[in-house]
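Architecture at a glance
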Amino acid sequence: MAEDYYELLGVPKGASADDIQKAYRTLARKYHPDLNPNDKTAKEKFQKVQQAFEVLNDAKKREMYDRYGPDFEHMGPGGPRGGGGGFYPGHGQQSWEFSNAEQGFDFSDLFGGGGGGGGESGGFEDLLRQFGRGGRGGGGGRAKARKARGADVLYEISVPFTVAIRGGQHQLRVQRPTGEQHTIDVTIPAGIEDGKKIRLRGQGEVGVRGGPEGDLIITVRVAEHPHFTRRGDNLYVRVPVTLAEAALGSKIDVPTPDGTITLKVPPGSSSGAKLRVRGFGVDGKQGRGDLFAELQIELPKELSEDDQAAIRAIDERNPLSPRAGLNW
């Protein structure tokens, strides 16, 4: 018993042309022989899906299929007929035209701009034939397969925070659908942000019938740093200081992407005060950002009675509460 074309595509009988095309794209990706080299049933499933799509995506064929079922091609315009025949007005057999305009379907959408590799009958060439049926009045035959661009390959990598800020190299192991693996050296540009993409042209899948190779598109994820954060092109770092360094002023060493620098802490600095160092941030389109060092006063976990008395004496000399201006 012939299989129902609607069931093959997984769509209801009243499905729209867009729904049929979407279902076909999904199943073509799933069963394409070039993408399933280890599945011996993929080719047969792919051909069935293709046959169902060729009928349901053509308004005239779909109408006849809905009326007469899978054997509609052996019937004339008036219904069942004896013997062979096909569709014919009068006595001449009519060939069905398939044009891209009628289909409204771009095969390049299926595999990201030209998609899967070459292959046997039932592979890429069979997909193309739905767009190459012959002209009116004859059995057009198969169109000549054209060159097609290879599919893009998508990868995601994670790089250290320091590499994202200053730039560097990253080695990526890429596995092709054939199982073959390649090691590619990826240059990470200085200042790249989390989620940005790097495109390596010609590093994707090979083209079909001599067509150009696809691209390798890499999404970069930036790992967090234990001390530094980034906001736009500026860097922020929390710097612990002692009570004496903050109260009396001092010089402290602070690490930066360009090496260690010495900062001057002004006397009477409070916790949370920020020291700005221009030009020590991230390389951006408008130049290089700045570095902000935020002071964090750290007190000893244990204070002697003399220490406590000294702190109270200092506190008593300040008549104003530090929260005097705090309100809702």
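Residues numbered from 1 in each chain as written. Predicted model: local features only at pLDDT ≥ 70, side-chain atom pairs only at ≥ 80, totals over all residues. Heavy atoms only, no water.

Here the focus is the overall build of the chain. Of the regular secondary structure elements, the chain holds nine helices and 13 strands. Long-range contacts, defined here as pairs at least 24 residues apart, represent 55% of the contacts in the chain between residues at least 6 apart. Accessible surface computed for the chain: about 20,200 Å², of which carbon and sulfur atoms make up 49%. (Helix = DSSP H or I, 4+ residues; strand = E, 2+ residues; numbered from the N terminus. Contact = heavy atoms within 4.5 Å. Areas by Shrake-Rupley, 256 points an atom, 1.4 Å probe, with all protein chains shown as cover.)

Attention now goes to the pattern of salt bridges. Oppositely charged side chains can pair when the atoms bearing their charge come close. Inspection of every chain in the model, using the stated rule, returns 15 salt bridges. Residues Glu44 and Lys48 are paired through a salt bridge, measuring 3.5 Å at the closest nitrogen-oxygen approach. Note that Glu44 and Lys48 are positioned in helix α3 (residues 42-56) at a spacing of four residues, about one turn of the helix. Taking relative accessible area as the criterion, Lys48 reaches 29% and is therefore assigned partly exposed. The residue Asp152 makes a salt bridge to Arg149 at a minimum N-O spacing of 2.8 Å. Judged by its relative accessible area of 25%, Arg149 falls in the partly exposed class. (Salt bridge = Lys/Arg side-chain N within 4 Å of Asp/Glu carboxyl O. Buried < 20%, exposed > 50% of the residue type's maximum accessible area, 1.4 Å probe, protein only.)

It is worth spelling out the environment of Leu154 at this point. For Leu154, the location among the structural elements is in strand β1 (residues 153-159). Looking at Leu154, the relative accessible area reads 65%, which means it is exposed. For the pair Leu154 and Leu216, spaced 62 residues apart in the sequence, the C-alpha separation amounts to 6.1 Å.

With that settled, the discussion passes to the packing of helix α2 (residues 17-31) against α3. Across the interface, α2 lies against α3 with an axial gap of 9 Å and an inter-helix angle of 165°. With respect to each other, α2 and α3 are oriented roughly antiparallel. Note on packing geometry: the crossing formed by α2 with α3 is left-handed. For the pair formed by α2 and α3, the contact residues are Ile20, Gln21, Tyr24, Leu27, Ala28 and Tyr31 on the first element and Ala42, Lys43, Lys45, Phe46, Val49, Gln50, Phe53 and Leu56 on the second. Taken together, the residues of the contact of α2 with α3 sort by class into ten nonpolar, two polar and two charged. (Axes fitted to C-alpha atoms, helices over the stretch in contact; angles between N-to-C directions. Parallel < 35°, antiparallel > 145°, perpendicular 65-115°, else oblique. Left-handed = near helix turned anticlockwise from the far one by under 90°. Nonpolar A, V, L, I, M, F, W, Y, C, P; charged D, E, K, R; others polar.)

Take the packing of α3 against helix α4 (residues 59-68) next. Relative to each other, α3 and α4 sit at 105°, their axes nearing to 6 Å. Taken together, the axes of α3 and α4 lie roughly perpendicular to each other. Across the interface between the two elements, Glu54, Val55 and Leu56 of α3 pack against Lys61, Arg62 and Tyr65 of α4. The residue makeup of the contact of α3 with α4, split by class, is three nonpolar, no polar and three charged.

With that settled, the discussion passes to the packing of aromatic side chains. Applying the stated criterion across every chain yields a total of four aromatic pairs. With a centroid separation of 4.6 Å and 10° between ring planes, the pair formed by Tyr5 and Tyr65 is classed as stacked. One end of the pair, Tyr5, is in helix α1 (residues 5-9); the other, Tyr65, is in helix α4, with 60 residues separating them in the sequence. Exposure class is identical for Tyr5 and Tyr65. Each is buried. Ring plane angle 10° and centroid distance 5.0 Å describe the contact between Tyr236 and Phe292, whose orientation is recorded as stacked. Placement of Tyr236 in strand β7 (residues 234-242) and of Phe292 in strand β13 (residues 291-298) is noted, with a sequence separation of 56 residues between them. Each member of the pair Tyr236 and Phe292 is classed as buried. (Phe/Tyr/Trp six-rings, centres within 6.5 Å; stacked < 30°, edge-to-face > 60°.)

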